[in-house]
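Survey of secondary and tertiary structure
Each chain, letter by letter, is given below.
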Amino acid sequence: MKIVIIGSVAAGTSVAAKARRNTEEAEIVVYDQDKDISYSICGIPYHIGEEVEELDKLTPRNAAWFKKRYNVDIFTEHRVTAIHPETQTLEVENLQTKEKKTESYDELVLATGAKPIVPEVFKAQQANRNLFHVRTIQDAAAIHSFIEKEKPQQATIIGAGFIGLEMAEQLVHKGIEVTIIQRDNQVMKQMDADMAYRVQKELEKNHVKLQLNTTITKVTEKAGYITELATNQEQPIKSDLVILAAGVTPNTSLIQSTTIQLGKSGAIKVNKKMQTTVPHIYAVGDVAESYSVITDKPIYRPLGSTANKMGRIAGDIITGGTLEHRGILGTGIVRVFDLAVAYTGLTEKEAKLEGLETAILYNIKPDHADYLGGKELTIKALADKSSGRILGAQIIGEQGVDKRIDVIATAISFGAVAEDLFHLDLAYAPPFATTKDPVLYTGMALDNAISNGTPLMTPAELIERQASGEQLQIIDTRSKKQYEISCVKGAIHIPLAEIRDRVAELDKNVTTITYCNKGVTGNAAQNILLNEGFKEVYNLSGGNKNYQIIAQMLASN
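Report follows, based on the coordinates.

Considering the overall build of the protein
For the protein, the count of helices and strands is 15 helices and 30 strands. A globule of 557 residues ought to have a C-alpha radius of gyration of about 24 Å, and the protein, at 27 Å, matches this closely. For the C-alpha atoms alone, the extent of the protein along its principal axes is close to 90 × 60 × 45 Å. Counting over 557 residues, the protein shows a buried share of 54%. Intrachain contacts of the protein at a sequence separation of at least 6 include 65% that bridge at least 24 residues. In the form shown here, the protein has an accessible surface area of approximately 25,100 Å², with 47% of it arising from carbon and sulfur atoms. If you average the places of the 61 positive and of the 69 negative side-chain charges in the protein, the two averages end up 1 Å apart.

Digging into the pattern of salt bridges
Side-chain pairing between opposite charges can occur once the charged atoms of the two side chains come close. Following the criterion strictly, the structure yields 28 salt bridges and no others. Arg335 is the salt-bridge partner of Glu169, the closest N and O atoms lying 2.9 Å from each other. With a gap of 166 residues between them, Glu169 in helix H5 (residues 162-173) and Arg335 in strand E21 (residues 332-336) connect regions that are remote in the sequence. Among the residues examined, Glu169 registers a relative accessible area of 1% and is labelled buried.

Thoughts on the sheet that holds strand E10 (residues 154-158)
Across the sheet, which stays open at both edges, the 5 strands sit in the order E9-E16-E10-E11-E12 with parallel pairing between neighbours. Looking at the sheet topology across the chains shown, the edges are occupied by strand E9 (131-133) and strand E12 (209-211). Neighbour-to-neighbour, the strand axes of this sheet turn through a mean angle of 20°, independent of strand direction. Bridge count for E10 against strand E11 (residues 177-181) is 5 bridges, and the pairing is parallel. In the strand pairing of E11, Gln154 is matched with Glu177.

Thresholds applied
- For every chain, the first residue of the written sequence is number 1, and numbering continues from 1 onward in sequence order.
- For a predicted model such as this one, the threshold for reporting local features is a pLDDT of at least 70, and the threshold for listing and counting side-chain atom pairs is 80 or more; totals across whole chains, interfaces and linings nevertheless cover every residue.
- The side-chain numbers reported here are obtained from all heavy atoms of the structure, hydrogens and water having been left aside.
- Numbering of helices and strands runs from the N terminus, with a helix taken as a DSSP run of H or I at least four residues long and a strand as a DSSP run of E at least two residues long.
- Only C-alpha atoms enter the radius of gyration; for comparison, a globular chain is expected to reach 2.2 Å times N to the power 0.38, where N is the number of residues.
- Exposure is judged per residue with a 1.4 Å probe applied to protein chains only, and the accessible area is read against the type maximum: over 50% gives exposed, under 20% gives buried, and values in between give partly exposed.
- Only heavy atoms matter for contacts: two residues are in contact if any of them lie within 4.5 Å across the pair.
- Using the Shrake-Rupley algorithm and a 1.4 Å probe, accessible areas are obtained, with residue cover drawn only from the displayed protein chains.
- Just so you know, the count uses Lys and Arg for positive and Asp and Glu for negative, and it drops His and the chain ends.
- Just so you know, the charge point we use is NZ for Lys, CZ for Arg, CG for Asp and CD for Glu.
- We define a salt bridge as a contact between a side-chain nitrogen of Lys or Arg and a carboxyl oxygen of Asp or Glu at a distance within 4 Å.
- At least two DSSP bridges between two strands are required for those strands to pair.
- Here an axis means a line fitted to C-alpha atoms, over the contact stretch when the element is a helix, while the angle between two N-to-C directions is reported on a 0 to 180 degree scale.

Following this line, the structure appears as structure tokens:
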């Protein structure tokens, strides 16, 4: 059996390694048009900022290493120009010698990855000396060299996704003034706007200029260098360095002359065995479509972790194994200066599009004991009101974010309901967690909201209901000093210690919202009022602290 793989980064090399582990009988050949194999795209920004001093650390393996270890022939700088499924052959061009040949296969794996999205205005600007993608090791070397030689003072980044934010952080560390251009109305489109806004404030705190709802309309250049960018906001931006980080799209150009089908996401349609719609052809990694663990619908989330997993599955299936792809949640994490920003599963917006009625909790807690340096986490978690199933979470904080997002992602993968989170036996000691870990509290509070008659109200919903003129009774249960510093619009002040004695001041038939600073005391007041016979009482999720952030965001839009 002859296995041919097109592409040699995360997915392609995983196919080869797993196939070889399963059998010594197969001939395995890999073609890649790039010079490097099995490299870390995600590590490129950290080389630019010199957290990774040597570029070679991002390319730990080469073709000779693979040949020696796995007996796999990898041909770099070889472009596959055509696929002929009817004859099971390929056309291959050696990019160094221009020699062309026909290659046969028994099983073919497409691991061609993704290609950068290039905004229309830049498509004629690819030759500029200060315009760069962040996609390959060659890109990394070119950007690093440019910064060292040209000493740019002002950089413009097009796009506010993972790579854009990572590059912003690293360029700021290099002493370069950074402007981010984002065509949408928020950074990080993978998150809800109210959580993304917290990331925006962190960028601004670190002197990154952010222009939302903005596109580049004109590029001015001189002597091969971009010097200025005009925008739809009529705010020209002078720039010495321009980074294109507007996202990626599946690199499917090679299959256009075949009958291989694309999925709804625009990536190659595959089944759980990574098989395409054409026999003997598989697709893995950033060129292939995945599906959601929660909705079972197709989704596209190009990440190295998913690519490795898909590659291993394909390599196993081709050589007689039984592995199957179980779908993904789209879990991701990124560092933005002092914050870790993570998400998994559905956002509030996505849940609404699915027609799901959700309970939404904002949980603001330290990641471990504050007397040992614990730092505040903000968790936004969603659960289905009808089933209690956890649907998704977004977490932002200085530390402990990775642990919590992974616990919640694991729980969602196994179909956990809110109550299940509370019952998890998580590790506890003051340097690592609080006695009621943020994950446990998230489960407890969501379960209370769904099952125990103590519903939550988000700040956005409260503001919307107030704007509609609905009669509401809003009670601030904090100290007088806290109330006077800032409070929810229209709130009256009744401290928790006084609320039992002042029940007669309130109308039991009017919808009531209680709140404190972060949520716990508000919940205690909510329970008192419900026990006193109040008809409908909500606890403001995340308390006044969360309300003030979201109110500020809504006012700025």
